[in-house]
Amino acid sequence: MARDYVRRSKSQKTSRGSRAGGRARAPERRIPWLALILALALLGGLGYLILLIKGSAAPPPAPPASAPAAAQQAAPVNPINQKPVEKWRYIEQLENKEIIVDVPKPADERNKPAPEPAKSYVMQCGSFRSADQAEQLKARIAFQGLASEVRRSEGSNGIWYRVIMGPYPSQRAAEQDKHKMSRLNTDCVVRQG
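Residues numbered from 1 in each chain as written. Predicted model: local features only at pLDDT ≥ 70, side-chain atom pairs only at ≥ 80, totals over all residues. Heavy atoms only, no water.

Draft legend 1. Structural context of the pairing of strand β1 (residues 121-128). Pairing of β1 with strand β3 (residues 158-168) involves six bridges; the strand directions are antiparallel. Across the sheet, residue tyrosine 121 finds its bridge partner in β3, namely tyrosine 168. Sheet topology note: the β1/strand β4 (residues 189-192) ladder contains four bridges and is antiparallel. Bridge pairing links glutamine 124 to valine 189 in β4. (Pairing = 2+ DSSP bridges. Helix = DSSP H or I, 4+ residues; strand = E, 2+ residues; numbered from the N terminus.)

See below:
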């Protein structure tokens, strides 16, 4: 059965749409009153803050020209416009003071005993028959940010290449680097040097 949709009246379209699964009306939009009230309160507070700041930065009102001089002096003075007054007078008191310093003479220094030499510590991280192996360990140590050197030594057993770190001013400083080297699986020996 053919239907004529063009000639159908508007009343038929609306009545039919509401009856049999047609489109439902869109829900009415609500005004977010709470958000609107909060925004207005925020704007009002910001305006009040601006007025407070602007009012505190305003210059003090000028006294009228007809006011007597005594009344002008009694007016409160803005502390920002005043020069600071020194509270302490020590600069003036110390101005003419003289300090006498005793400087030891070179003859006095000759009579003093020589100070004991400070102890220093070195750390040996490896000893190799091949210079290449010693240089490889030196490079691994350098990648840790530490300095080392390869020393060649001749003994009864032949030529050895030792990898040495240091000197260190204290045993504690040497032990700290020893712990860094243990992370590389390298055992080091700290000795007095």
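Let us keep going from here.
Draft legend 2. Structural context of helix α6 (residues 131-143). Given a rise of 1.5 Å per residue, 13 residues ought to cover 18 Å, and the 19 Å separating the end C-alpha atoms of α6 matches this to within 8%. Regarding α6, the residues found buried are Ala134, Leu137 and Ile141. On an axial view of α6, the arc spanned by its buried residues comes to 60 degrees, and they lie on one face. Those residues of α6 that are exposed and angled more than 90 degrees off the buried face are Asp132, Gln136 and Phe143. The inward-facing, buried residues of α6 abut β1, β2 (149-155), β3 and α7 (171-182). At the N-terminal end of α6, a side-chain oxygen is found 3.2 Å from the backbone nitrogen of aspartate 132, two or three residues along, and the residue is serine 130. (Expected span 1.5 Å × (residues − 1). Buried < 20%, exposed > 50% of the residue type's maximum accessible area, 1.4 Å probe, protein only. Arc of directions from axis to C-beta. Contact = heavy atoms within 4.5 Å. Polar contact = N/O pair within 3.5 Å; in protein donor to acceptor, adjacent residues only side chain to side chain.)

Draft legend 3. Fine view of the sheet that holds β4. On the basis of which strands lie adjacent, the open sheet formed by four strands has the order β2-β3-β1-β4 and antiparallel pairing. Across the chains shown, the open sheet's two edge strands, defined by having one partner strand only, are β2 and β4. For this sheet the average axis-to-axis angle between neighbouring strands, irrespective of direction, equals 40 degrees. Helix-sheet contacts for α7 involve β1, β3 and β4, and the interaxial angle to β1 is about 35 degrees. (Axes fitted to C-alpha atoms, helices over the stretch in contact; angles between N-to-C directions.)

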